[in-house]
Amino acid sequence: MTPLLGLAVLAAALTGRALAFMSTGGWTSTHVSITETALLQAAMEACKAVLDNNGYEFRPTGNSPEQIVQACLGPTAKGDVSGAKFHSALQEIYMQNGLVDRDFVASAPHHFNSEAFLEGRSLITEGVAAIKANIRNENFQAARETLGRVLHTLQDFYSHSNWVELGYKEPYLNLIRPDLPIENIADVNTPTCRDCVSGICPNQILSDILQHGMLTSGYMGVYSKEKPHGKCSHGGWSDLTSFKVPRGGIHKDERRPDNQDYHDAAVKVATAATLKLLEDIRLAAGDNDFLRILGIARSSVVCFVIDTTGSMSDDIDEARTVIYEIIDEKKGTQDEPSEYILVPFNDPEVGPVIKTADPEVMKKEISKLGANGGGDAPEMCYSGIQLALTTAPSYSKIFVFTDAEAKDAHLQDTLDALRTRTKSEVNFFITDLRKRRRRSNGGGTFNDYRELALASGGQAIQVTKEELPQATDIILDTSTSALVTILQQARDPGKPETFSFSLDDSLKNITFYITGTSLSFTLTNPAGVTQSSSQASGSLATIKTVGNLWRSTLNADRATGRWQIRLTSSNAYTIKVSGQSTIAFIYDFVEQFEGPHPGYAVVTGRPQEGQPANLMLPVVGREGPDSLKITEVSLMSVTKPSIVSTNNFTDMGNGRILATVPVVPGGEFVVLLKGIDTVSNTEFQRQSTTQMAVSKVNIKATVSSSMEPGKAFTLPFGVFTNGAGGQYKINAQNDKAFIMSYPSSLSLTSGQYTNATLTITAPAGTVSGTDVTLTLDASLGSDSNYVVLRLSVLEKITDFNPPLCEIISIQKTCPQDVSECNSFVWELVANLTDSNGTGIENVYLERGNGTLTKVISDDPAQYQYNASCCSQVVEIVALDKIGNVGRCYHSIERSASASAEKLSILLMLSLLFSVFMVRPN
C-alpha cells in the first residue's frame, strides 16, 4: 500500500469526530475507529499484494469495506461482489474488542492499568499465538474473536500508560515480541505522579520519571479507592482511586481541553501499533488466509451433508453430479464458491469433515463416497448438521441429502442455537417419503426438517429419487455471490393471501421459490401485468415444478417497484424471493453496558421478551454507505401478518446503524430493512433469513483464556430469568465430544442470577489451534435460551524467539543508469536458523521479483536470492512451527543512490575545478 493511501485512511479516522478510547457507540467509539482504520489499511495491503502477484492493479474507488472488496475481488472474475461478509468479520472483531470493557472491567492486565505491563504483554503474546494456531487450522472465526480482544489490550497501553508523555511516537514493539524484555518499569514503591488539585492538569507525571524514561500507568479502582503511595490514577468518575492523593488521572481515553495533544498522539501510535500486530499475523498467515480472516472471499462457502446409508446410492450419485456441475460451471467466475465442505453421516458414524478451497480436491473426495450400512432406521442427520454448522463459517449454505428421519432429535435445541448464532442457511433434499415411522425414543419427523429449514431461511424439498436431479437447480441458484433475500413467508395451515415486496434497480437473477401441495399463485408487476402459475412461460417469469417445489425465474426485463404474489392453498406453504445484489445488511441484537468505558455487547442468545431492543446493522451500499438512505427497520413474523417497525436510528459511522425497536414481539421473527438506493433512486427491501425468538431466560458466560491439552478448563456461567422461577434444565454440547461436567439443573429465582460452572477437558495430544464450539442452554417448559462459545485449544508456548536471518554475502554489478538495469543481476545469500526453537516451517518472499533457492538444508539453512537490478528490494520471511516471524531485508537502492550522489559530487567538483582553472587573472 502506498504511504499516500495509508495516510488518507488514517486521516479519515482522525477527522470529523471527537475521539475517545471507548468501546463502541457513537462518534466517540475510538477502539472501533482505531481498529477499523488499521483493518482497512491491512486489508488493502493484502489485496494489493495478491493482485500484484496475479498481474492486476488494486484500484479501490473509495475506503469503504464494500469498495475495498470490489477492488480486491473484482479484477479476478467478473460479476457483483458483496461486502457483507467483510462487514460481518469487522463487526465480530469490533464487538469482541468492546467486550473487554464489560467482561474484564476490573482486570488490570487487560487494560495495562496499575503498572501490569508484564501481565498485559502476556495476554497479547498468548492471544497472538492462539490466533496463528487457529489460522493454521482454518478456524477463522475463533481467530477473529481473539484478535478483537487482543487489539483492545494493545491499544489501551498507549492510552493508559505514560508512553506518549515520554515522547515516543512509534509503537513499543516489545509488546508483541515476547523475546524482547520490558524494562525500566516503575516499581511499586516509586512515586510517579503529582497531585492535581484543580482537576485540569495536562501532565501529572513526575519529572524524575520522565527524565529516567520509566514506564508507569494509572491505577484503576472500580470497587476500591486504595492505591500505592504516590502512584498515578487512571482517572474519571468511575475510578475511585482518582479521589486519593495524588488526585486526577493520566488516561487519554477521551479528548479534553487539557490533554488534546497527548490524546491525539495516543490515537496515532495505537493505530500504528495495531497495524504492526496485523502485519505480524499477516506474515504468519499469508495474504490469502489473512483475507479469509477478514471475510474477503468470493462466494459463499458451500457445505454438503450427505447420508451415506445403503438406501442413498442414487442420491449420492446426484450429489456428486451437482458438485461437479457447480465446479465446472462456476470455476473462474465471481460465483465460484470460496470453500467446499463435505460432511458424510451414517449410523453411528459422522464425518470426517473434508474442507478445501480446491475444487479438484473436492471432486476427488466426493468421488470416494459410497452408500453402505445403516439398515432401515432413522439416521444421525442432526449430528451431521451440527458438525456442518460448527465447521462452516457464518452465513454459509448447507445442503442436506437424506431419505430418513433423524434419530438424534435430542440435538434440536443445539441446532437452533447454532443456526441462530451462525445465521447459516440449511436446505433439505428429502427423497422417498417412506415407509418409516417415527420412533418413540427421541426420533424426529420430516416435518422437523421443514421447520429447521424455514427457521434458517432455507427450503425443505420433497421429491422422488427420479426427480432429484431437477430439484438440485436450487444449489446452482444459491451458491452465488451477493445473494440476498427480499421476502420469505410461510403459512400453516395455508390460506389465500397476497404478499407485496419491492424490487430495486440493483437486483439481478430474481427467483421465487414456493413449496407446498395443491396450490396456485399469480404474479403481478408494478404496471399491473399478471401471470398465473399455470403459465410455464409468460410475460413475467419462467415457472418450473418438481416435487413440492415451484421455481419461478423473473425475466431479465422485469420492472422495478412494488410487486405482488397471490397464493391460494389450504395446505401449508412457503414462499421465498431472492436475487443477486450488492445492497445488503447484517445485524446483531446488542445490549448497552455501563462502567468506565460504556458500550454495546452482542446478545449471544435470544433477546428478552416484551422489552425494547437495540440492533447494530452494518448496511452495505453499491458505492459505500452514503449510497443508501435507511427508512425503516422492522421485526416481522414469517408465519403470520405481524410486524413491529421503527425509524429510531443512530448513525454509528461507516455504514453502521443502531436501531432501537420499542418492543420485541413474541414468537419467531426476522429483520426487515427498507430504504432508498440513491444510485438509482429506487426503493429496496432486504430480509434476514434466520428466524429469531424471544425468551425470559438469559445466560452469561465469558471465555477468559485458551484451553490447554490434557487439563480441565473451568467456565463460570450465570443463568437469569425475569419469568417464573423454578428448576431449570441445563444442557451442554460440544462438537468435539470432549468430556464435560456441569449441573443438570439449576433452581432459579425470578430477577436473580444463579451462578454455576462447567468444566471441559481437551484430551492430551489435541492439536494446538483446535476450535471447540460449545453450546449451553437453559430451559423450563417451552421457554429456553442459549449461549454459543468458541474455545481454542493451545499448547503451552515455550518458543517465543523468531527465526534468525543473517545476510552473509551480496554481489551486484548494477549500472548507474537505471534504464539499463534489466541487463544486470544481483545476488544475496543468507543463513536462516531456528536452532533454539520449534524449527523453521516455511520460508517465502514477501518482497522482491527474483528467485529464492535453498542451497544448503542443514541448520542454518542457506538461501540464495537472484534478481534483476531493476528489482532493488528483497524481504525474506521465515516462519517457525508456531508462527514466530523472522525477516531478512535488504535494498540496493541506497547503495545505488549513494553511488549516483558520489558521481554527482565528482562532476560538480570537476566543473568547479575547470571554471577555477580558466578564470582570467
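Because the structure is predicted, anything quoted here is derived from the model rather than measured.

Quick notes on the rules
- Residues numbered from 1 in each chain as written.
- Predicted model: local features only at pLDDT ≥ 70, side-chain atom pairs only at ≥ 80, totals over all residues.
- Heavy atoms only, no water.
- Salt bridge = Lys/Arg side-chain N within 4 Å of Asp/Glu carboxyl O.
- Helix = DSSP H or I, 4+ residues; strand = E, 2+ residues; numbered from the N terminus.
- Buried < 20%, exposed > 50% of the residue type's maximum accessible area, 1.4 Å probe, protein only.
- Pairing = 2+ DSSP bridges.
- Axes fitted to C-alpha atoms, helices over the stretch in contact; angles between N-to-C directions.
- Parallel < 35°, antiparallel > 145°, perpendicular 65-115°, else oblique.
- Left-handed = near helix turned anticlockwise from the far one by under 90°.
- Contact = heavy atoms within 4.5 Å.
- Disulfide = S-S within 2.5 Å.
- pLDDT = per-residue confidence, 0-100.
- Core = buried A, V, L, I, M, F, W, Y, C linked by side-chain atoms within 4.5 Å.

Quick look at the pattern of salt bridges now. Per the stated rule, a full pass over the model turns up 41 salt bridges. Here Glu 425 makes a salt bridge to Lys 576, at a shortest N to O gap of 3.0 Å. In this pair, Glu 425 sits in strand 5 (residues 425-431) while Lys 576 sits in strand 15 (residues 573-580), placing the two residues 151 residues apart along the sequence. Taken individually, Glu 425 and Lys 576 each receive the classification buried, so the pair is uniform in this respect. A single network of salt bridges, built from pairs that share partners, joins Glu 138, Asp 289, Arg 292, Glu 339 and Lys 355.

Strand pairs in the sheet, formed through backbone hydrogen bonds, run parallel or antiparallel to each other. Ordered in space as 34-35-38-37, the four strands form an open sheet in which the pairing is antiparallel. In this open sheet, the two edge strands, each paired with only one partner strand, are strand 34 (804-812) and strand 37 (851-856). Each neighbouring strand pair of the sheet contributes to a mean axis angle of 25 degrees, computed without reference to strand direction. Sheet topology places strand 37 next to strand 38 (residues 861-868); five bridges connect them, and they run antiparallel. Paired with Ile 856 across the two strands is Gln 862, which belongs to strand 38.

This paragraph deals with the packing of helix 6 (residues 117-136) against helix 7 (residues 140-160). Across the interface, helix 6 lies against helix 7 with an axial gap of 9 Å and an inter-helix angle of 160 degrees. Looking at the two axes, helix 6 sits roughly antiparallel to helix 7. Taken as a pair, helix 6 and helix 7 cross one another with a handedness that is left-handed. Contacts between helix 6 and helix 7 involve Phe 117, Gly 120, Leu 123, Ile 124, Gly 127, Val 128, Ile 131, Asn 134 and Ile 135 on the former and, on the latter, Phe 140, Ala 142, Ala 143, Thr 146, Leu 147, Val 150, Thr 153, Leu 154 and Phe 157.

For the rest of this paragraph, the subject is the state of the cysteines. Across all of its chains, the model carries six disulfides by this definition. Here Cys 196 engages in a disulfide with Cys 201; their sulfurs sit 2.0 Å apart. Where Cys 196 bonds to Cys 201 through sulfur, the torsion about that S-S bond is close to 95 degrees, and the disulfide is right-handed. Covalently, Cys 805 is tied to Cys 888 through a disulfide, its sulfur atoms 1.1 Å apart. Here Cys 805 and Cys 888 share a disulfide; its torsion about the S-S bond, -85 degrees, makes the bridge left-handed. A residue pair is termed long-range when its members are at least 10 positions apart, and Cys 805 in strand 34 and Cys 888 in strand 40 (residues 885-891) qualify at 83 residues. Using a relative accessible area of 25% as the deciding quantity, one classes Cys 805 as partly exposed.

As a further point, take the pairing of strand 19 (residues 613-620). With eight of its eight residues buried, strand 19 lies for the most part within the structure. Where burial is concerned, the two faces of strand 19 agree: the one with Ala 613, Leu 615, Leu 617 and Val 619 and the one with Asn 614, Met 616, Pro 618 and Val 620 are both buried. Bridge analysis of strand 16 (residues 584-585) against strand 19 gives two bridges, and the strand direction is antiparallel. Directly across from Ala 584, in strand 19, lies its bridge partner Val 620. Where strand 17 (residues 588-593) lies against strand 19, three bridges are found, and the strand directions are antiparallel. Bridging across to strand 19, Asp 588 finds its partner in Met 616. When strand 19 meets strand 23 (residues 656-661), the two strands line up antiparallel, connected through six bridges. Across the sheet, the residue bridging to Met 616 is Leu 658, located in strand 23.

An order of 7-15-9-13-12 is seen for the five strands of this open sheet, with the pairing classed as antiparallel. With partners counted over all chains shown, the strands left at the sheet margins are strand 7 (483-491) and strand 12 (541-546), one partner each. With direction set aside, neighbouring strand axes in the sheet form an average angle of 15 degrees. Sheet topology places strand 7 next to strand 15; eight bridges connect them, and they run antiparallel. If you follow Leu 483 over to strand 15, its bridge partner there is Gln 580.

For the rest of this paragraph, the subject is the confidence of the model for the protein. Per-residue pLDDT for the protein averages 86, and the proportion of residues at 70 or more is 91%. Scored below 50 in pLDDT, residues 1-20 makes 39 contacts in the model with residues more than four places away or belonging to other chains.

On to the nonpolar core, then. Core analysis: the largest hydrophobic core is formed by 59 residues, its most contacted members being Tyr 158, Leu 277 and Ile 296. Counting only elements with at least two residues in this core, the list comes to helix 2 (30-53), helix 3 (65-73), helix 4 (84-103), helix 6, helix 7, helix 9 (260-285) and helix 10 (287-293). Of the residues forming this core, the biggest block, twelve residues, is contributed by helix 2. Setting aside its immediate chain neighbours within four residues, Leu 277 contacts Ile 124, Val 128, Leu 147, Val 150, Leu 151, Leu 154 and Ile 176. In this structure, Val 343, Ala 453, Tyr 786 and Val 788 belong to the second largest nonpolar core, which totals 31 residues.

Time to look at the environment of Lys 330. Locating Lys 330 in the fold gives a position in helix 11 (residues 313-330). Residue Lys 330 is classed as buried on the basis of its relative accessible area, which comes to 8%. Lys 330 sits 224 residues away from Leu 554 along the chain, and the two C-alpha atoms are 21 Å apart. Apart from residues lying up to four places away in sequence, Lys 330 is in contact with Asp 335, Glu 336, Leu 476, Ser 479 and Thr 480.

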